[in-house]
Amino acid sequence: MSTTLDAIANERWNAVLSSMRAEVGEAAFDSWLKPMTVRDVADDGVRISVPTRFMRDWIVAHYADRLASLWERKVDIFVQSDHGTTDGQAGKPTAANMQTNPNVNPNVNTGAGPEFGNVIQPVQSGQQMISGLAQAALDISAPLDPRYTFDNFVVGKPNEFAHAAAQRVAESETAQFNPLFLYGGVGLGKTHLMHAIAWRIRQIDPNRTVIYMSAEKFMYRFIRALREQNTVDFKDHFRNVDVLMIDDVQFIGGKESTQEEFFHTFNALVDQGRQIVISADKSPSDLEGMEDRLKSRLNCGLVADIHATTYELRVGILQTKAEKLGIEIPSKVQEFLAHKITANVRELEGALNRVAAHAQLVGREVSLESAQDVLHDLIRANDRRVTIEEIQKKVASHFNIRTSDMHSARRARSVARPRQVAMYLAKQLTSRSLPEIGRKFGGRDHTTVMHAVKKVEELTERDAGFAEDVELLRRMLEG
Ligand code: ADP
Ligand code: MG
């Protein structure tokens, strides 16, 4: 065992490096491999130091195996700072120990070459370091909408689980479930919940670093970093973040190198016990163009979906928003809007704003007539979305019965149950009234429809398989 590098080892190292350079390309080489220093060569292995933990994680994930096979020795990568303090274990530095004792923090950027200088200056005290890191995070994090807070989020059946999970994440110091994966259709509150998490964390502990950004921006920044050959800076943004939130991750479907980068950023943070929150329009398994290993990673934590709004939630949202706007909306108008604007919360908000603006403009109170008048185009669009006939056809084929059984008088469970599901979906997805729906199902009474709706609600509570069936149908019809 020798502590200084002899000539043979040195030559060997240079050969390994030039092979690596040829294999990985100039940019990656400069970012990752150049900063390595061989500290020790022995028969049983080579010890290589790098300046930061993030680099170590990255090199271990990407290059260590290759280095080992080129050198034909076991390769051990560790973090070494100027002070000679090394870090072998992967404990999460908490905000507290970062503050009180910056020297034990393996991420202190002391072995920095010039390429590190732009992001985080060498620091004297923990406090300064945190603000430097917080600044780096702020630089890359998208601005937060001040309206998107937990206080402004109306909770109902379709979103209560996602809401509870989001609150839990915001209020815990350690990662609860990694990642928290929020998914649901457009305009149902995913972005709102993510911003709410960020606001709440900042409120509880301003020293915690939170990055919120869209997957699109993540990709854009990554590609720019590649082009400008400063992927180290890019990675530095993430290396000390406490909570990373990436919105609309479906966007990187099919974008391989971005997925690769995301995957490794993701793993590095999860390994350090940092919290990750992801949103998408589909469940992890249904994401298109996504690598399997990424899908399964995304599935590992807590997956919470936000369902389509219910009538009750829509009314609740309208009441809350009207109050915030300081306008009086008669309950008849609220009911009307909640019945007619069923697509998502964004449209519902838009409708309310239009009705309110109109009322202000003409200086008259909101009425049913004026609301109908102002919103006729929106309402037509919503009505066009799904017809009862489509629902009947889809449901019938899903359960393998004839569409005509939707109208028939047969009461066998095998046809009665699907019929009830179709009635339930008709109530959920169209703006038809109960009597109207009854008429379309072989002239049944509105109480039959009411009963069907109750029955289906009951069954979805009790029977997860059934609930899944209904949910699947709803998504197919809405899609
Ligand atoms: P997504 O990201 O799922 O497409 P957003 O979070 O952008 O949807 O929500 C769309 C709009 O609807 C936002 O203005 C948001 O504030 C509002 N919104 C959604 N869900 C709720 C809710 N439960 N309570 C209050 N506002 C909501
Ligand atoms: Mg969104």
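Thresholds applied
Residues numbered from 1 in each chain as written. Chains lettered and ligands numbered in written order. Predicted model: local features only at pLDDT ≥ 70, side-chain atom pairs only at ≥ 80, totals over all residues. Heavy atoms only, no water. Helix = DSSP H or I, 4+ residues; strand = E, 2+ residues; numbered from the N terminus. Buried < 20%, exposed > 50% of the residue type's maximum accessible area, 1.4 Å probe, protein only. Areas by Shrake-Rupley, 256 points an atom, 1.4 Å probe, with all protein chains shown as cover. Pairing = 2+ DSSP bridges. Axes fitted to C-alpha atoms, helices over the stretch in contact; angles between N-to-C directions. Parallel < 35°, antiparallel > 145°, perpendicular 65-115°, else oblique. Left-handed = near helix turned anticlockwise from the far one by under 90°. Contact = heavy atoms within 4.5 Å. Nonpolar A, V, L, I, M, F, W, Y, C, P; charged D, E, K, R; others polar. Core = buried A, V, L, I, M, F, W, Y, C linked by side-chain atoms within 4.5 Å. Near = heavy atom within 4 Å. Polar contact = N/O pair within 3.5 Å; in protein donor to acceptor, adjacent residues only side chain to side chain. Expected span 1.5 Å × (residues − 1). Arc of directions from axis to C-beta. Salt bridge = Lys/Arg side-chain N within 4 Å of Asp/Glu carboxyl O.

What follows is about the overall build of the chain. Along the backbone of the chain there are 23 helices and nine strands. Taken across its 479 residues, the chain has 50% of its residues classed as buried. Accessible area of the chain: about 22900 Å², with a carbon and sulfur share of 49%.

Turning to the pairing of strand β1 (residues 37-42), a few remarks are in order. Relative to strand β2 (residues 45-50), β1 runs antiparallel, the two being bridged by five bridges. Across the sheet, residue Val38 finds its bridge partner in β2, namely Ile48. Between β1 and the antiparallel strand that follows it, β2, lie two residues.

The next thing to look at is the packing of helix α14 (residues 311-325) against helix α16 (residues 345-362). Look at α14 against α16: their axes get within 10 Å of each other, and the N-to-C directions meet at 45°. By the criterion of interaxial angle, the relationship of α14 to α16 is oblique. Note on packing geometry: the crossing formed by α14 with α16 is right-handed. Residue-level inspection shows Arg314, Ile317, Leu318, Lys321, Ala322 and Leu325 of α14 in contact with α16, the latter providing Val345, Leu348, Glu349, Leu352, Asn353 and Ala356. Class assignment for the residues of the contact of α14 with α16 results in eight nonpolar, one polar and three charged.

This brings us to the nonpolar core. In this structure, Phe181, Phe238, Ile246, Val249, Phe262, Ile278 and Leu298 are the most contacted members of the largest nonpolar core, which totals 28 residues. For this core, the elements supplying multiple residues, two or more each, are β5 (180-184), β6 (210-214), α10 (215-227), α11 (231-239), β7 (243-247), α12 (256-271), β8 (275-280) and α13 (292-299). When residues of this core are assigned to their parent elements, the largest contribution, five residues, is made by α12.

Turning our attention to the site of ligand 1. Around ligand 1 sit 18 residues, and of these Gly187, Lys190, Thr191, His192 and Glu349 come closest. Gly189 has a polar backbone atom sitting 3.1 Å from an oxygen atom of ligand 1. Take His192: an N or O atom from its side chain is 2.7 Å from an oxygen atom of ligand 1. Contact with the protein chains covers 95% of the free accessible surface of ligand 1, which is 560 Å².

This part takes up helix α23 (residues 464-478). Spanning 15 residues, α23 covers 21 Å between terminal C-alpha atoms, matching the ideal 21 Å at 1.5 Å per step. Among the residues of α23, Phe466, Val470, Glu471, Leu473, Arg474 and Leu477 are the ones counted as buried. Taken around the axis of α23, the buried residues stretch over an arc of 160°, which confines them to a single face. Along α23, exposed side chains directed more than 90 degrees from the buried face belong to Ala464 and Glu468. On the buried face of α23, the contacting elements are β9 (302-306), α19 (388-398), α20 (413-429) and α22 (446-462). Here α23 starts with a cap whose side-chain oxygen sits 3.0 Å from the backbone nitrogen of Gly465, and that cap is Asp463.

For the rest of this paragraph, the subject is the pattern of salt bridges. A pair can form between side chains of opposite charge whenever their charged atoms are brought close. Tallied over the full model, the rule gives 20 salt bridges. When the shortest N-O distance is used, the salt bridge between Asp236 and Arg239 registers 2.7 Å. Note that Asp236 and Arg239 are positioned in helix α11 at a spacing of three residues, about one turn of the helix. Of the two residues, Asp236 and Arg239, both sit in the buried class. A salt bridge links Lys282 to Asp281; its shortest N-O distance comes to 3.9 Å. On the accessibility criterion, Lys282 (29% relative accessible area) is partly exposed. On the basis of relative accessibility, which here comes to 29%, the residue Asp281 falls in the partly exposed class. The network of salt bridges with common partners includes Glu260, Glu291 and Arg293.

Another aspect to go through is the environment of Asn344. Locating Asn344 in the fold gives a position in the loop between α15 (331-340) and α16. Sequence separation between Asn344 and Gly189 is 155 residues, and the spatial gap between their C-alpha atoms is 9.0 Å. Other than its neighbours up to four places away in sequence, Asn344 contacts Val186, Gly187 and Leu188. Side-chain polar atoms of Asn344 contact the backbone oxygen of Val186, separated by 3.4 Å.

Cis geometry marks the peptide bond from Asn178 to Pro179; its omega dihedral reads -5°. Phi angles above zero are rare outside glycine, and Glu72 is one such case at about 55°. With respect to the helices, strands and loops of the structure, Glu72 is situated in the loop between α4 (64-71) and β3 (75-80). Judged by relative accessible area, which is 65%, Glu72 ranks as exposed. Backbone geometry at Gln229 places phi at a positive 55°, although glycine is not the residue there. With respect to the helices and strands, the residue Gln229 is situated in the loop between α10 and α11. We classify Gln229 as partly exposed; its relative accessible area is 46%.

Summarising the element assignment, His192 is placed in helix α9 (residues 190-204). Given a relative accessible area of 10%, His192 falls into the buried group. At 2.9 Å, the side chain of His192 and the backbone oxygen of Thr149 are in polar contact. In contact with His192, other than residues within four places in its own chain, are Arg147, Tyr148, Thr149, Asn152 and Phe153.

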